[in-house]
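# Inside the fold
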Amino acid sequence: MAVFRPADILIPQNLDFTKWSVVACDQYTSEPEYWQEVKETVGDSPSTLNIIFPEVYLENSDSGERIKNINRTMEHYLESNLFCEYKNSFIYVKRTQPNGKTRHGIVGTIDLEEYDFTKGSQSKVRATEGTIIARIPPRQRIRIHAPLEAPHILILIDDREKSVVEPLDDRISDFQKVYDFDLMKNSGHITGYAVNEAAKNNIISAIEKLGDRTGFENKYGVKNKGVLMFAAGDGNHSLATAKTCWEEIKKGLSDEEAENHPARYALVELMNIHDSALEFEPIQRVIFDTDPQKLLDALVKHYNASYEDNGGQRIDYTYQRNEGSIYITETNSNLPVGTLQAFLDDYLKINGGRIDYIHGNDVVRTLAKKENTIGFMVDAMEKNDLFTTVIKDGSLPRKTFSMGEAADKRFYLECKKIR
């Protein structure tokens, strides 16, 4: 059976789509003012803001009540006939980013039985970064009783022939437009189309060819490796949460019940890594509640690093208007972000402090002006290296890359029943 397949997709009707659709919950996690502005923009209108848990609030004491309100709101939206259901459908998405570039995707479902986020996995669907197991339980508490999912997950394919997504644009006049609107806070524009039956069959057929073992081994120069068809580009932990919840749910199901249970299939957007609008941005680190100079000195000592360019991995730092770079040659990681993260994991366990993962160097510099705060910045990895690296080396260090800046992230929009 197909790993990526159509779904019964729910699209809201007769409302302000700009207020309905909000950015992924794991963005702007050190900028509560962003989410306050979103709340003010939404007001009393129906919105995905009311059915997600922005991570900026995860540490608040009212998390239990917030989760109950999320589930109640989902039930209300379902009972009030807010949605139109597009049965057994794919949605073709055109997303114009703030920089004017347009990327393309297909909303459908991934079979969670074909996904394994553990390190060294050989499954057809894999994580691209190390999964932080501690981040799953808070998300699991939100999802386990939820009747709906609204995903910000972006799944990548390495379709060098551009046979899956790209042909849809030439047939767009044959499809039904289901939404077309500006995203809030100057985040661009999005249009979605329900594809017709012929295009749906073409999508499934083209994807099946990506799973051909001979073609896979020739493409990547490997033998005796599991065929990687789909890589989680954004929303790694959301997909891992969906998998974890499904593993619990299926324990109480017969084989027949498990075959078509809605929680087995996670709604995602599929994108070709070779989409010209898709750019990999680095995810930077900011450490709060720490002594910046002490931390920097420890980093330099740990790796016998140099402040002079010695051809090693470069890591830039900033704190209280001080800026500079260190260069590291003595490391086992192929990427500067891996070198940095390995040190920070150990240092923070011993010395305390709080780490956040930030999009945008300007935001890092602004946050690092605060007392007891230091920011680190690295260059982005090449997107064309992603599949080969995951196949040969396994998942990357967590928070290695971001697909675009924060405003480019997937906004919650389409929904699917999971109960």
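Up top is the structure.
My aim in this report is to walk through the structure given alongside it, one point at a time. No experiment lies behind these values; they were computed from the predicted model shown.

So, how was this worked out
- Residues numbered from 1 in each chain as written.
- Predicted model: local features only at pLDDT ≥ 70, side-chain atom pairs only at ≥ 80, totals over all residues.
- Heavy atoms only, no water.
- Helix = DSSP H or I, 4+ residues; strand = E, 2+ residues; numbered from the N terminus.
- Buried < 20%, exposed > 50% of the residue type's maximum accessible area, 1.4 Å probe, protein only.
- Salt bridge = Lys/Arg side-chain N within 4 Å of Asp/Glu carboxyl O.
- Expected span 1.5 Å × (residues − 1).
- Arc of directions from axis to C-beta.
- Contact = heavy atoms within 4.5 Å.
- Phe/Tyr/Trp six-rings, centres within 6.5 Å; stacked < 30°, edge-to-face > 60°.
- Lys NZ or Arg CZ within 6 Å of the ring centre and 35° of its normal.

### Quick notes on unusual backbone geometry
- A positive phi angle, close to 60°, is found at Asn224, a residue other than glycine.
- With respect to the helices and strands, Asn224 occurs in the loop between α6 (213–220) and β12 (230–234).
- Phi is positive for Arg321, close to 75°, though the residue is something other than glycine.
- As for its position among the elements, Arg321 is in the loop between β15 (313–319) and β16 (322–328).
- Arg321 sits in the exposed class, given a relative accessible area of 71%.

### Some points on the pattern of salt bridges
- Scanning the entire structure with this criterion turns up 28 salt bridges.
- In this structure, Glu55 and Arg139 form a salt bridge, with 2.3 Å as the shortest nitrogen-oxygen distance. With Glu55 in the loop between α2 (32–42) and α3 (63–79) and Arg139 in helix α4 (residues 136–143), this residue pair connects regions lying 84 residues apart in the sequence. Comparing Glu55 with Arg139, the two get one shared label, buried.

### Description of helix α5 (residues 197–210)
- In a regular helix each residue adds 1.5 Å, so 14 residues correspond to 20 Å; α5 covers 21 Å between its end C-alpha atoms and thus fits that length.
- Buried residues of α5: Ala199, Lys200, Ile203, Ala206, Ile207 and Leu210, and no others. The buried residues of α5 occupy an angular sector of 135° when the element is viewed end-on, so they sit on one face. In α5, the exposed positions that point more than 90 degrees away from the buried face belong to Glu208 and Lys209.

### Thoughts on the side chain of Ser187
- By the element assignment, Ser187 lies in the loop between β10 (176–182) and β11 (189–194).
- In contact with Ser187, other than residues within four places in its own chain, are Arg95, Thr96, Pro98, Ala407 and Phe411.

### Structural notes on the packing of aromatic side chains
- A full pass over the atoms with the stated rule returns 16 aromatic pairs.
- On the basis of an interplanar angle of 80° and a centroid distance of 6.4 Å, the ring pair of Tyr307 and Tyr317 is categorised as edge-to-face. Separated by 10 residues along the polypeptide, Tyr307 in the loop between α9 (292–303) and β15 and Tyr317 in strand β15 bring together distant segments of the chain.
- A relative accessible area of 39% places Tyr307 in the partly exposed class.
- Owing to a relative accessible area of 11%, Tyr317 belongs among the buried residues under this scheme.
- Taken together, Phe4, Phe90 and Phe230 form an aromatic cluster joined through their ring pairs.
- A cation over an aromatic ring shows up here: Arg66 above the ring of Phe53, its NZ or CZ 5.3 Å from the ring centre.

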